[in-house]
Amino acid sequence: FTPCVLPMLPILSAIVVGEHATRSRAAVVSVAYVLGMAVVYTAVGVAAGLAGQGLQAALQNAWVLGAFAALMVLLSLSMFGLYELQLPASWHHRLTQASNNQNGGQIVGAVVMGALSALIVSPCVTPALAGALAYIAQTGNAVIGGAALLAMSIGMGVPLVLVGVGAGNLLPRAGHWLVVTKAVFGFVLLAVALYIVQPVVPSWAAMVGWGALMIGAAVFLRTFDSLPDGAGNVQRLGKVVGVVLA
């Protein structure tokens, strides 16, 4: 549910489901589409796990861990809106054309389109994907790598299946909640950065980092702002959480 992925859902569902598909047919084709996408991500996860087996010793190096942590921080900045991750327009156009050339409503075509869409939307999920790959590489376990990215791709595919089955009626509307979702991912990535670098920094530095992250989350929750008159229970609960974090 990130702002750059959400607008693609109705377009992709129209390509996959076609104009005259029944609801059961729409469900089958949508699931086929998601499985095609899942195959690509699972392969990436397995590759990361296999590569990690040979890199486990290297990943204990402070410079390597620091580079991973710096990458997480840079990617988190995109979640806070400092810059946008985008695939080059020419690549996006070619992949979209290849996707459109497949026959809508066909099972095999849906699988192929799912695999292509994994490439199209990858820049939008790069922060979450990079965080997962960093963890997988440290485990050095191909099974964990494949299973983790299979689970992630299925989670990414759930909204598409809902849209396909519901003929677009179940598509959530864009709004402020999407911006909040991106910010939450931003804080998660910062936490991943701290987790990665924690083994090679002094304990006091790790504590300062976690404390700064919690204070930042409290600021984001507007803990230090006055509640407006007539504030609802959700706003008050958010302030309670922010106070606890601070």
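Residues numbered from 1 in each chain as written. Predicted model: local features only at pLDDT ≥ 70, side-chain atom pairs only at ≥ 80, totals over all residues. Heavy atoms only, no water.

**Side note on the side chain of Ser-76**
Along the chain, Ser-76 turns up in helix α3 (residues 62-79). At 2.6 Å, the side chain of Ser-76 forms a polar contact with the backbone oxygen of Val-73. Those residues in contact with Ser-76, other than ones at most four positions away along the chain, are Gly-186, Leu-189 and Leu-190. (Helix = DSSP H or I, 4+ residues; strand = E, 2+ residues; numbered from the N terminus. Polar contact = N/O pair within 3.5 Å; in protein donor to acceptor, adjacent residues only side chain to side chain. Contact = heavy atoms within 4.5 Å.)

**Overview of the nonpolar core**
Residues Leu-65, Ala-69, Met-72, Leu-75, Met-79, Ala-134, Leu-189, Ala-193, Ile-196 and Val-197 constitute the largest nonpolar core, which totals ten residues. Of all the secondary structure elements, the ones that give two or more residues to this core are α3 and α8 (176-197). Apart from the residues within four sequence positions on either side, Ala-193 is in contact with Ala-69, Met-72 and Val-73. (Core = buried A, V, L, I, M, F, W, Y, C linked by side-chain atoms within 4.5 Å. Buried < 20%, exposed > 50% of the residue type's maximum accessible area, 1.4 Å probe, protein only.)

**Points about the environment of Val-44**
Mapped onto the secondary structure, Val-44 falls in helix α2 (residues 23-59). The class of Val-44 is partly exposed, set by a relative accessible area of 33%. Sequence spacing of Val-44 and Leu-133 is 89 residues, and the spatial spacing of their C-alpha atoms is 8.5 Å. Once residues within four sequence positions are removed from consideration, Val-44 is found in contact with Leu-133 and Leu-149.

**Details of the packing of aromatic side chains**
A complete count under the given rule lists two aromatic pairs for this structure. Ring centres of Phe-80 and Phe-187 lie 5.2 Å apart, and the angle between their planes is 80°; on these two criteria the pair is classed as edge-to-face. Here Phe-187 lies in helix α8 and Phe-80 lies in the loop between α3 and α4 (89-100), a separation of 107 residues in the sequence. Given a relative accessible area of 18%, Phe-187 falls into the buried group. (Phe/Tyr/Trp six-rings, centres within 6.5 Å; stacked < 30°, edge-to-face > 60°.)

**Focus: the environment of Ala-193**
Structurally, Ala-193 can be placed in helix α8. Sequence separation between Ala-193 and Ala-69 is 124 residues; the distance between their C-alpha atoms is 4.2 Å.

**Regarding the confidence of the model for the protein chain**
Looking at the protein chain as a whole, its pLDDT mean stands at 75, while 68% of the residues score no less than 70. No element of the protein chain has a lower mean pLDDT than α4, which averages 59, and none a higher one than helix α9 (residues 203-220), which averages 93. (pLDDT = per-residue confidence, 0-100.)

**Notes on a nonpolar patch on the surface**
Judged by side-chain polarity, Phe-220, Leu-221, Leu-237, Val-240, Val-241 and Val-244 come together as a nonpolar surface patch covering roughly 530 Å² of accessible area. The biggest single contributor to the nonpolar patch is helix α10 (residues 233-245), with four residues. Position of Leu-221 among the secondary structure elements: in the loop between α9 and α10. (Patch = residues over 30% accessible without salt bridge, like charges linked within 9 Å, V, L, I, M, F, W, Y side chains within 5 Å. Areas by Shrake-Rupley, 256 points an atom, 1.4 Å probe, with all protein chains shown as cover. Salt bridge = Lys/Arg side-chain N within 4 Å of Asp/Glu carboxyl O.)

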